[in-house]
Amino acid sequence: MKPANWTTENIPDQTDRVVLITGANSGIGFEAAKVLAKKGADIVLAVRNQAKGDLAKAEIIEEYVKAKVTVSILDLSSLKSVKTFSENFTKAQTRLDLLINNAGIMIPPYGKTEDGFESQMGTNHLGHFALTAQLFPLLKSTGGSRIVNVSSTAHNMGNIDFNDIHWESRKYVAWKSYGDSKIANLYFTNELGRRLQAAGVDVTTTAAHPGYAATGLQKGVFLKILNVLVAQSGFMGAMPTLMAAMDPEASNGNFYGPSGIAQQRGWPKQVVPNKLSQDEDIAKKLWITSEELTGVKFNI
C-alpha cells in the first residue's frame, strides 16, 4: 500500500516552542509561519522591512486569533545587522527550538553587500552562516533544536569558484551565481551536521527546497507567466521546509523536496541532492572561507 502523503497533520503541537524564520513576511517563509503559528509556536518573523513584517503578522493573527507572533528587523546582507539582531534575540529569548534560514534573493543584477560580498552569496549563504553561528549557543542550550536551510533545485547549477567567489574577475551570470549560493546552503548543512555529530551535540540540521513554487522571488514577465502556468502554491512550496523541520526521523544532512516529476511539485519527501553538493572537501573549504569572510566562528 502506498504510504499517505506527509501533511500538516503530521506536525505535533508546538506550544511553548520558539521558532525563528528569516524572510517570513512572504512566500514559503510566510506560509510556514502560518502553519506553525496555528500549531501553537511562538513565531519570530525576521524581516528587512518593518511594515511588511507587520502586515504579515496581522494576516496571521487575523486567521489564527491566538497566534503568538513577533516581528524583528534583520538584513542578511549586513553583518552588522546580523550581529545586532542576534544579540537582541539572545537577550529576549531563553530558548530557540527551530531556526529556518529561509530568506533569499534570486537573480538580481550584479551587486555587492555592504561588506563587499557578491549579493546572492552574501545574503543567501554568508548572512545565514553568521546568523546561525551567533544564535548557536541558544540552539545548543535548548537541546533537541533544529536548523533548516532552504536551498533550491538551482543547486544543480552551482559550482563555486573560490578564486573569484564574488564574481570580480568573471562576467557575472546571475543564474550561476544563484546556483552557487544554493549549493552553498547544502555544503553548510552537511558540514555543520558532521561537526554536530562529531561533537555529540543535540541539534539537528536539515535542508529543503520548494520545487517550483510561486514565492515572490520570481521577477520579470517570463517567470511571472511560468508562475501562473506551472508553479504550485506557496503553501505547497512550504511543505518540504515544514517536513525538514518536523520529521521525527530526520538526521543531519537530510534534504527534502516535492515528490513529483523533477521535484517541482507535489507533497514533500526526502530527496537526493546532486553529487557535487555532497563533496566533503568543498564543504570544509567553504566553511573555512565563510569563517574568514564573516569573521564569525561556531562554538560547537
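A short tour of the structure in this document, coming up. (Residues numbered from 1 in each chain as written. Predicted model: local features only at pLDDT ≥ 70, side-chain atom pairs only at ≥ 80, totals over all residues. Heavy atoms only, no water.)

Bringing the sheet that holds strand 8 (residues 268–270) into the picture now. Taking strand neighbours across the sheet as the criterion, the 8 strands line up as 3-2-1-4-5-6-7-8 in an open arrangement whose pairing is mixed. Taken across any chain shown, the strands that pair with only one partner, and hence form the sheet edges, are strand 3 (68–73) and strand 8. The sheet shows a mean angle of 20° between the axes of neighbouring strands, direction not considered. Two strands pair when backbone bridges link them, and strand 4 (residues 98–101) and strand 5 (residues 145–150) are joined in this way by 4 bridges, in the parallel orientation. Bridged to Leu-98 within strand 5 is Arg-146. (Pairing = 2+ DSSP bridges. Helix = DSSP H or I, 4+ residues; strand = E, 2+ residues; numbered from the N terminus. Axes fitted to C-alpha atoms, helices over the stretch in contact; angles between N-to-C directions.)

Bringing the side chain of Arg-146 into the picture now. With respect to the helices and strands, Arg-146 occurs in strand 5. Among buried Asp, Glu, Lys and Arg side chains, Arg-146 stands out as unpaired, with Asp-247 the closest opposite charge at 6.1 Å. In terms of polar contacts, Arg-146 uses its side chain to reach the backbone carbonyl oxygen of Ala-244, at 2.9 Å. Reaching out from Arg-146, the side chain makes a polar contact with the backbone oxygen of Asp-247 at a distance of 3.1 Å. When sequence neighbours within four positions are dropped, the list of residues in contact with Arg-146 reads Asp-97, Leu-98, Leu-99, Leu-139, Thr-204, Thr-206, Met-243, Ala-244, Ala-245, Met-246, Asp-247 and Ala-250. (Buried < 20%, exposed > 50% of the residue type's maximum accessible area, 1.4 Å probe, protein only. Lys, Arg positive; Asp, Glu negative; His and termini not counted. Salt bridge = Lys/Arg side-chain N within 4 Å of Asp/Glu carboxyl O. Polar contact = N/O pair within 3.5 Å; in protein donor to acceptor, adjacent residues only side chain to side chain. Contact = heavy atoms within 4.5 Å.)

In this sheet, strand 7 (residues 255–258) lies alongside strand 6 (residues 203–208) in parallel orientation, the contact comprising 2 bridges. Note that in strand 7 the partner of Ala-208 across the bridge is Tyr-256. Of the pairings in the sheet, the one linking strand 7 to strand 8 comprises 3 bridges and is antiparallel in character. By the bridge assignment for strand 8, Pro-258 is matched with Pro-268.

What follows concerns the environment of Tyr-187. By secondary structure assignment, the location of Tyr-187 is in helix 5 (residues 174–199). Once residues lying within four places of it in the same chain are set aside, the contact partners of Tyr-187 are Ile-160, Leu-276, Ser-277, Asp-279, Ile-282, Ala-283 and Leu-286.

This paragraph deals with the side chain of Gln-232. Tracing the backbone through its elements, the reader meets Gln-232 in the loop between helix 6 (221–229) and helix 7 (234–246). In this structure Gln-232 comes out as buried when scored by relative accessible area, which is 5%. In terms of polar contacts, Gln-232 uses its side chain to reach the backbone carbonyl oxygen of Pro-210, at 3.1 Å. Polar contacts involving the side chain of Gln-232 include one to the main-chain amide nitrogen of Gly-266, which spans 3.0 Å.

Taken together, Met-157, Val-173 and Trp-175 make up a surface patch of nonpolar side chains, about 240 Å² in accessible area. Tracing the sequence through the fold places Val-173 in the loop between strand 5 and helix 5. We classify Val-173 as partly exposed; its relative accessible area is 35%. (Patch = residues over 30% accessible without salt bridge, like charges linked within 9 Å, V, L, I, M, F, W, Y side chains within 5 Å. Areas by Shrake-Rupley, 256 points an atom, 1.4 Å probe, with all protein chains shown as cover.)

A separate point is the pattern of salt bridges. With the rule as written, the count across this model stands at 11 salt bridges. With its nearest N and O atoms 3.2 Å apart, the salt bridge here joins Asp-42 to Lys-68. Within this pair, whereas Asp-42 is found in strand 2 (residues 42–47), its partner Lys-68 is found in strand 3, the two being separated by 26 residues in sequence. Assessed through its relative accessible area of 37%, Lys-68 is described here as partly exposed.

So far we have only geometry, and geometry alone does not tell us how the molecule works.
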